[in-house]
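# Fold and geometry: a report
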Amino acid sequence: MFIVFEGIDGSGKSTLIKNIAEKLESVNEKVHITSEPTSFNVGKEIRTLLKSGSDSDASHRIMALLFAADRLNHIENDVFPAVKRGKIVLCDRYKLSSMAYQSVRNEMSWVESLNKFAVNPDLTFFISVSVDNALKRIDSRLETREIFEKRDFLEKIDANYDFLIKKYKREMSVEILDGNDSAEVIAEKAWFIIQKMI
Ligand code: ADP
Ligand code: TYD
């Protein structure tokens with residue numbers, strides 16, 4: 001089973017993944033936690049570019065291509081092998097992230113076409129949280145804000161997610177979680193949905 005977690009930066013994805021992994025392990029399921037951008041070479045290059053902050057049209061096109069390439073490599077060399085070994089894969093971000101983020105500065109249809117070879121997940125959790133709340137949480141982490149963590153950018157991404165979730169709800173089995181709930185309540189709600197599938 002391949003489960004994806006989506007949401008704007010600071011929405012609580014990593015926290016939820018950790019909580020769900022504990023619940024799965026408590027019922028003896030084997031879990032593999034992974035994320036995008038990955039720690040493979042393309043993913044490392046993406047992280048470097050995220051910090052460098054270049055804002056040209058070309059750099060936004062290059063980022064969309066790199067994210068799509070990193071994703072195909074991730075599926076082939078990490079996600080599929082783990083699924084084949086019987087693990088439940090919990091993935092922090094996937095193709096909805098590219099469609100939401102890379103479409104701010106590129107045509108959405110182009111970004112969608114770049115990602116059409118990436119297999120659909122069995123289940124996608126979208127954590128819905130206000131931009132204000134997400135920014136407060138990001139600031140409390142005390143790390144430098146990456147280029148996508150600026151308010152106007154997050155607002156555009158939030159609107160893109162809104163549109164995309166309606167469009168891909170069925171195809172990607174999207175379940176929306178209220179990110180303003182406590183981390184424990186969110187995990188209980190997600191766990192209820194996962195239990196019906198395992
Ligand atoms: P993401 O992986 O989506 O960027 P994190 O899981 O790292 O988000 O959460 C960002 C910050 O918000 C962390 O400091 C985390 O402890 C906190 N946090 C996560 N979920 C909640 C929640 N439901 N309520 C309040 N704070 C939360
Ligand atoms: P990540 O490390 O998951 O950030 P966070 O933990 O704050 O959610 O992702 C790094 C950034 O990369 C994040 O701002 C979202 C962005 N991103 C894209 O723009 N496109 C993509 O396809 C993916 C996977 C991530």
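Cut-offs applied
The numbering scheme is per chain: residues are counted from 1 as the chain's sequence reads. Going through the entries in the order they are written, you letter the chains from A and number the ligands from 1. Given that the model is predicted, a residue must reach a pLDDT of at least 70 before its local features are reported, and side-chain atom pairs must reach 80 or more before they are shown or counted; all residues, however, enter totals for whole chains, interfaces and linings. Think of the side-chain values as coming from all heavy atoms in the structure, minus any hydrogens and water. Residues are counted as near a molecule or strand when any one of their heavy atoms sits within 4 Å of it. As used in this structure description, the phrase polar contact means that two N or O atoms lie within 3.5 Å; if the pair is within protein, one of them must be able to donate a hydrogen and the other to accept it, and residues adjacent in sequence are counted only when both atoms belong to side chains. Only the protein chains shown count as cover for residues, and the accessible areas themselves come from Shrake-Rupley with a 1.4 Å probe. By definition, any uninterrupted DSSP run of H or I lasting at least four residues is a helix, any uninterrupted run of E lasting at least two residues is a strand, and each is numbered from the N terminus. For every residue, the predictor assigns a confidence score, pLDDT, that lies between 0 and 100. Paired rings are identified among Phe, Tyr and Trp, the last through its six-membered ring, by centres lying within 6.5 Å, and are further divided according to the angle between planes into stacked (under 30 degrees), edge-to-face (over 60) and tilted (the rest). In this scheme, a residue with accessible area under 20% of its type's maximum is buried, one over 50% is exposed, and one in between is partly exposed, where area comes from a 1.4 Å probe on protein chains only. Over a ring means this: the NZ of a Lys or the CZ of an Arg is within 6 Å of the ring centre and within 35 degrees of the ring normal.

### Here we look at the site of ligand 2
Around ligand 2, the structure places 17 residues, and the nearest of them are Asp9, Lys13, Arg71, Ser98 and Gln102. Note that an oxygen atom of ligand 2 is positioned 2.6 Å from one of the side-chain N or O atoms of Asp9. Within the complex, 93% of the 550 Å² of free accessible area of ligand 2 lies under protein. When residues of the shell around ligand 2 are traced back to their parent elements, those giving at least two are helix H2 (41-52), helix H3 (57-84) and helix H4 (95-101). Examining the composition of the shell around ligand 2, we find that three residues originate from one element, H4, more than from any other.

### Re the confidence of the model for the protein chain
Overall, the prediction assigns the protein chain a mean pLDDT of 95, with 95% of residues at 70 or greater. Element-level mean pLDDT values for the protein chain span from 88 in helix H6 (residues 131-140) up to 99 in strand E3 (residues 88-92).

### Side note on the packing of aromatic side chains
Counted by the stated rule, this structure contains four aromatic pairs. With a centroid separation of 5.0 Å and 85° between ring planes, the pair formed by Phe2 and Tyr94 is classed as edge-to-face. Remark: Tyr94 occurs in the loop between E3 and H4 and Phe2 occurs in strand E1 (residues 2-6); sequence separation between them is 92 residues. Given the relative accessible area of 5%, Phe2 is considered buried. Under the relative-accessibility criterion, Tyr94 is labelled buried at 1%. Ring geometry for Phe5 against Phe125: centres 5.5 Å apart, planes inclined by 35°, an arrangement best described as tilted. Of this pair, Phe5 sits in strand E1 while Phe125 is found in strand E4 (residues 123-128), placing the two residues 120 residues apart along the sequence. Like Phe125, Phe5 is buried. Through pairs of rings, three or more aromatic residues link up here, namely Tyr101, Phe126 and Tyr161. If you follow Arg61 out to its NZ or CZ, it ends over the ring of Trp110, 5.0 Å from the centre.

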